[in-house]
Amino acid sequence: MATIPSHNLLLPNPTINQSAHSLSFKPQSTLLNFPARSSPAAVTRAVSRTDGASISSRLEPVEKYEITAAGDVRRRDREAKETKSLRDTWRKIQGEDDWAGLMDPMDPVLRSELIRYGEMAQACYDAFDFDPFSRYCGSCRFTRKKLFDSLGIFDSGYEAARYLYATSNINLPNFFSKSRWSKVWSKNANWMGYVAVSDDSEATRHRLGRRDIAIAWRGTVTQLEWIADLKDFLKPVSGNGFRCRDPAVKAESGFLDLYTDKDTSCNFSKFSAREQLLTEVKRLVERYGDEEGGDLSITVTGHSLGGALAVLSAYDVAEMGLNRTKNGKVVPVTVFTYSAPRVGNIRFKERMEELGVKVLRVVNKHDVVPKSPGLFLNEHAPHALKQLAGGLPWCYCHVGEKLALDHQNSPFLKPSVDISTAHNLEALLHLLDGYHGKGQRFVLSSGRDPALVNKASDFLKDHFMVPPYWRQDANKGMVRHTDGRWIQPDRIRAEDHHAPDIHHLLTQLHHPS
């Protein structure tokens, strides 16, 4: 189901009465925490206060002690952030040294960035129309220029530069959402995500330390039936138009089809998701790559199947050489994935390393999706077996570094293992917020509301009294017209279609000078 942050699109009365049995939801709270949201003192209050309006007031005695006695942990994080900033360390945070020494103990700047990019991926869910009774099912709820503002994110520091679409005419029926009505925005397309770029404001440049091109791919919230749809069959990427001469570099065929297929009869998917992405990255790198006095980065993020597309598209960008400016400067390409499956074989992994693409995978150790495909033949198989089976079309290998989390370490979450909740992105971001290193106590480091976990799941412990699946869309998108009738307003805008110069950019990609 759709998941939108608590903002003006929610049902009336977003603030619940504060009592001994209630939580406080702020109407202007946001999911994307791009700038610092609160002072250290405010964060401490949000985590440790014990008045009737807080989650911690309903913790069991041991759990309450764990939080209220954790001031030293939060103080350590605060002091670490004060001694080094993102603008000074962004290259290391982007994986320059493969995150050596940053994950155990957990670097607070890296944690903050992992949550920030994870919330960029979450925005793809929050903006997506999952309602089969909407004629716009499968599209983005908001126009590109108002994407972040419509989500209640008024100070993101990013602007959505391009929307990405894919055709649903491939064998992944459980991934795509379609309307039940006959008159719809598109019969064969689904909104897949967006390309955004950090803005020109001094505050943004000062905070990030560079200009950032961010690519976010939509995945799946809780429905995991798409895994059964995978052909679980590796095929050479060169057969799908990639600029790779090595036939041994292979990726899962379903992911390749989703990324490269198109429907020329559809305004939104007449160009493949690959063509849409590459042309926009080319445009932005040409515009900002050699910007005077500034650096540029490319960061790709996605959850679940969106994580697979993030890995595949980051490889494609580097293989095409789009991360090189006209002056020959190499733009770092980094991938942050969340609960993502395996994408390719061991040669695919090696090629990504040769291209310098950095990948950091965040997973819940109880989630089954990161263990697929290649359940038996994968990077954990004995070396002799991998050598013997390396050429088989079902021998997979994960790429990059892994940060493994465990939801059973959180005092907020139910310890039971459920396939869908273990795969939930909001739960994973909650785990990131409380993770400080292997064997260390779970302590929330920011003011990120644990109630967000139940936005599209039933994962929080019952004594917190946060309703499961609490996110509801006001009137299912219906609005009252001036004549008094209730209607679904028009949503699609010309600005969300493909750029008018996409043909020219594609020609340059296929025939570089």
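Nothing here was measured: the structure is a model prediction, and the numbers come from that model.

Procedures and definitions
Residues numbered from 1 in each chain as written. Predicted model: local features only at pLDDT ≥ 70, side-chain atom pairs only at ≥ 80, totals over all residues. Heavy atoms only, no water. Buried < 20%, exposed > 50% of the residue type's maximum accessible area, 1.4 Å probe, protein only. Helix = DSSP H or I, 4+ residues; strand = E, 2+ residues; numbered from the N terminus. Pairing = 2+ DSSP bridges. Axes fitted to C-alpha atoms, helices over the stretch in contact; angles between N-to-C directions. Contact = heavy atoms within 4.5 Å. Nonpolar A, V, L, I, M, F, W, Y, C, P; charged D, E, K, R; others polar. pLDDT = per-residue confidence, 0-100. Expected span 1.5 Å × (residues − 1).

### Some details on the pairing of strand 2 (residues 189-198)
A large share of strand 2 lies buried, amounting to 10 of its 10 residues. Here nine bridges tie strand 1 (residues 158-167) to strand 2, and the two strands are oriented antiparallel to one another. What sits directly across from A166, in strand 2, is N190. The pairing of strand 2 with strand 3 (residues 211-217) spans five bridges and is classified as antiparallel. Opposite V195, over in strand 3, you have I215 as the bridge partner.

### As for the packing of helix 9 (residues 253-260) against helix 10 (residues 273-288)
Where helix 9 contacts helix 10, the axes come no closer than 5 Å and their chain directions differ by 65°. Along the contact surface, helix 9 presents L258, Y259 and T260, while helix 10 presents A273, R274, L277 and L278. Each residue belonging to the contact of helix 9 with helix 10 can be placed in one class, and the counts come to five nonpolar, one polar and one charged.

### What about the confidence of the model for the protein?
The pLDDT averaged across the protein works out to 83; a share of 79% of its residues lies at or above 70. Below pLDDT 50 for its whole length, residues 56-68 participates in 34 contacts with residues either more than four positions away or in separate chains.

### A few points about helix 11 (residues 305-319)
Its 15 residues give helix 11 an end-to-end C-alpha distance of 21 Å, which sits within 8% of 21 Å, the value for a rise of 1.5 Å per residue. In terms of residue burial, helix 11 counts as a mostly covered element, since 15 of its 15 residues are buried.

### Focus on the sheet that holds strand 1
Ordered in space as 1-2-3-6-7-8-9, the seven strands form an open sheet in which the pairing is mixed. Pairing within the sheet leaves two strands with one partner each, and these edge strands are strand 1 and strand 9 (401-405). Going from strand to strand, the sheet's axes swing by 15° on average, the running direction of each strand aside. Across seven bridges, the pairing between strand 3 and strand 6 (residues 296-303) is parallel. Within the sheet, the bridge partner assigned to W217 lies in strand 6 and is G302. Contacting strand 1, strand 2, strand 3, strand 6, strand 7 (333-338), strand 8 (358-364) and strand 9, helix 5 (residues 108-126) runs over the sheet at an angle of about 60° to strand 6.

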